[in-house]
Amino acid sequence: MSSEDRVFAAIETLYDAAIDEARWPDALHAIIELTGSQAATLWVLDSSGEPRLPTLITANFDPAFMKEYLDGGMVPLDPNVQYLVAHPDVPIFHDGMILSEREKDRLAYYDWHGRHSDTRFRMLGQIHPGPNLQAGVALHRTRREGSYDDHDLDRFSILYRHLQRALAIASRLGSLGAFEHFTTGLLDRSPASILLLDESRHVVYFNRNAAALDAANDGLRIFPSGFAARRKRDNDRLQFLISQALAGSAGASMRASRPSGKQPYVILVAPVSRRYSLLSSLRPAVCILITHPDQQPSLPADHLQTAFGLTQAEARLAVLLASGEELRSSAEKLGITYGTARVRLARIFEKTDTSRQGELIALILRTIA
């Protein structure tokens, strides 16, 4: 394989690793070969407190040495880590730019390092994806192979442009994954049963309470291909509301009977904003919220007051609407006229910057989460 082909192959492995983190060792080995190095690491540096490396993937290093480096308090003593913390926006550098060999010999860190590894010199490339967060690759050479110089830095800069993009892609995908995990975790803590459907009506997510509801088999069922009510008339109404939500209509509610004879379910079907990332694997189009009298969710009216500047009366109305009540029945429960409820709803629309009841309910559900 020609040198040019090796460069293209290394670049390809970088982008493969950006999408599949299991490929980073392959990418590190390719960079080692291209740069005349003996070892390499992919690292993530958190400098919000004492510097630490929550992620460290290695190539050609003894695992025991790396474990002592991470767990033995050596990370904050590493001069290269100290330089990274102080210079998060420096894209690439080699350690000869920050330390002389005489200075290395006087540092306890290099004394410890020399007892465990024959690597001596480093060249690093990094990105700065967020406050107190850096990520990059460190290349290592032994004394025998010699130090990195400006010529090595120039050659590495060509590869670095692709490394920079690959790290940015990996960071973006990792952030999306963390966000999705965090969001679904919040939905799991909701006292209501919540389902998310995609544009094909397929269930893409349901929380723990929805799973319990499905297991009870008391009038509602969850299938990979969709969500259905047992009674035909209820199911026809449910599927109609889902169609309306997919078409962008305002959210609406219904009741569904239960074979057990218990009080019926209250089901709210509302559209979900389609402003999700193109890279997101969770792409909901419809949110379904189910409540029933024997498991009424305790919605935080005080939280809605704080979040949107609602009065206590407005927040109580908003809570009832989010629980699946219609405006007229909400007015009856609050002991006010339907006209008063409409006036309060208009004020809620103004304070929440919404214009439709379904849009308001979707906003409330996100805020509750």
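Up top is the structure.
Computed from a prediction, not measured in an experiment: that's the story for all the values here.

## With respect to the overall build of the protein chain
Logical step 1: Looking only at helices and strands, the protein chain has 14 helices and twelve strands in total.
Logical step 2: Across the 369 residues that make up the protein chain, the buried fraction comes to 46%.
Logical step 3: The long-range share in the protein chain, meaning contacts at least 24 apart out of those at least 6 apart in sequence, stands at 54%.
Logical step 4: Counting only carbon and sulfur atoms, one obtains 51% of the accessible surface of the protein chain, whose full area is about 18900 Å².

## Here we look at helix α11 (residues 312-322)
Logical step 1: Within α11, eight of the eleven residues are buried, which leaves it mostly tucked inside the rest of the structure.
Logical step 2: For α11, the full list of buried residues reads E314, A315, L317, A318, V319, L320, L321 and A322.

## Observations concerning the packing of aromatic side chains
The relation between two aromatic rings is expressed through the spacing of the ring centres and the mutual angle of the planes.
Logical step 1: Evaluation of the coordinates by the stated rule reveals six aromatic pairs.
Logical step 2: The positively charged end of R258 is found above the aromatic ring belonging to Y265, 4.6 Å away from the centroid.
Logical step 3: The positively charged end of R328 is found above the aromatic ring belonging to Y338, 3.9 Å away from the centroid.

## Quick notes on the pattern of salt bridges
Logical step 1: Using the criterion set out here, one finds 17 salt bridges in the structure.
Logical step 2: Note that R23 and D26 form a salt bridge whose closest N and O atoms lie 2.9 Å from each other.
Logical step 3: R23 sits in the partly exposed class, given a relative accessible area of 29%.
Logical step 4: For D26, a relative accessible area of 39% corresponds to the partly exposed category.
Logical step 5: As a salt-bridge pair, E314 and K351 come within 2.9 Å of each other at their nearest N and O atoms. Residue E314 is found in helix α11, and its partner K351 is found in helix α13 (residues 338-352); the two are separated by 37 residues along the sequence.
Logical step 6: With a relative accessible area of 36%, K351 lands in the partly exposed category.
Logical step 7: Salt bridges sharing partners connect three or more residues here, namely D95, E101, K104, D105 and R120.

## Re unusual backbone geometry
Logical step 1: For N60, which is not a glycine, the phi torsion comes out positive at approximately 70°.
Logical step 2: Along the chain, N60 falls in the loop between β2 (52-59) and α3 (63-71).
Logical step 3: One non-glycine residue, R201, adopts positive backbone phi at about 75°.
Logical step 4: Looking at where R201 falls in the secondary structure, it is placed in the loop between β6 (193-197) and β7 (203-206).

## What about the side chain of T41?
Logical step 1: Mapped onto the secondary structure, T41 falls in strand β1 (residues 39-46).
Logical step 2: Filtering out sequence-adjacent residues up to four positions away, T41 remains in contact with L28, L56, I57, T58, F61, G136, V137, A138 and H140.

## Considering the sheet that holds strand β4 (residues 119-130)
Logical step 1: Spatial strand order, β2-β1-β5-β4-β3: five strands in an open sheet with antiparallel pairing. Of all strands in the sheet, those with a lone pairing partner are β2 and β3 (92-94), marking the two edges. Put simply, the sheet's adjacent strands are angled 20° from each other on average, direction ignored.
Logical step 2: Bridging between β3 and β4 involves three bridges; their strand directions are antiparallel. By the bridge assignment, I92 is partnered in β4 with G125.

## Considerations on empty space enclosed by the protein
Logical step 1: Scanning all chains against the criterion turns up one cavity of 30 Å³ or more.
Logical step 2: Its boundaries defined by the atoms lining it, the largest cavity holds a volume of some 170 Å³.
Logical step 3: Taken together, 18 residues make up the lining of the largest cavity; nearest its centre are T41, Y69, D78, R122 and H140.
Logical step 4: Elements represented by at least two residues in the lining of the largest cavity include exactly β1, β2, α3, α4 (79-86), α6 (108-116), β4 and β5 (133-142).
Logical step 5: Taken together, the residues of the lining of the largest cavity break down into twelve nonpolar, four polar and two charged.

## What to know about α13
Logical step 1: If you check α13, its first and last C-alpha atoms are 21 Å apart, about what 15 residues at 1.5 Å a residue would give, namely 21 Å.
Logical step 2: Of the residues making up α13, those classed as buried are A341, R344, L345, I348, F349 and T352. The arc that holds the buried residues of α13, viewed along the axis, is 150°, so those residues lie on one side. For α13, the exposed residues set more than 90 degrees away from the buried face come down to R342 and E350.
Logical step 3: One or two steps after α13, the chain reaches D353, where phi turns positive at roughly 60°.

Conventions adopted
- Residues numbered from 1 in each chain as written.
- Predicted model: local features only at pLDDT ≥ 70, side-chain atom pairs only at ≥ 80, totals over all residues.
- Heavy atoms only, no water.
- Helix = DSSP H or I, 4+ residues; strand = E, 2+ residues; numbered from the N terminus.
- Buried < 20%, exposed > 50% of the residue type's maximum accessible area, 1.4 Å probe, protein only.
- Contact = heavy atoms within 4.5 Å.
- Areas by Shrake-Rupley, 256 points an atom, 1.4 Å probe, with all protein chains shown as cover.
- Phe/Tyr/Trp six-rings, centres within 6.5 Å; stacked < 30°, edge-to-face > 60°.
- Lys NZ or Arg CZ within 6 Å of the ring centre and 35° of its normal.
- Salt bridge = Lys/Arg side-chain N within 4 Å of Asp/Glu carboxyl O.
- Pairing = 2+ DSSP bridges.
- Axes fitted to C-alpha atoms, helices over the stretch in contact; angles between N-to-C directions.
- 1 Å grid on protein atoms, 1.4 Å probe; cavity = no way out; pocket = protein on both sides within 12 Å on 5 of 7 lines; lining within 4 Å.
- Points joined across faces, edges and corners; volume = space filled by probe spheres on them.
- Nonpolar A, V, L, I, M, F, W, Y, C, P; charged D, E, K, R; others polar.
- Expected span 1.5 Å × (residues − 1).
- Arc of directions from axis to C-beta.

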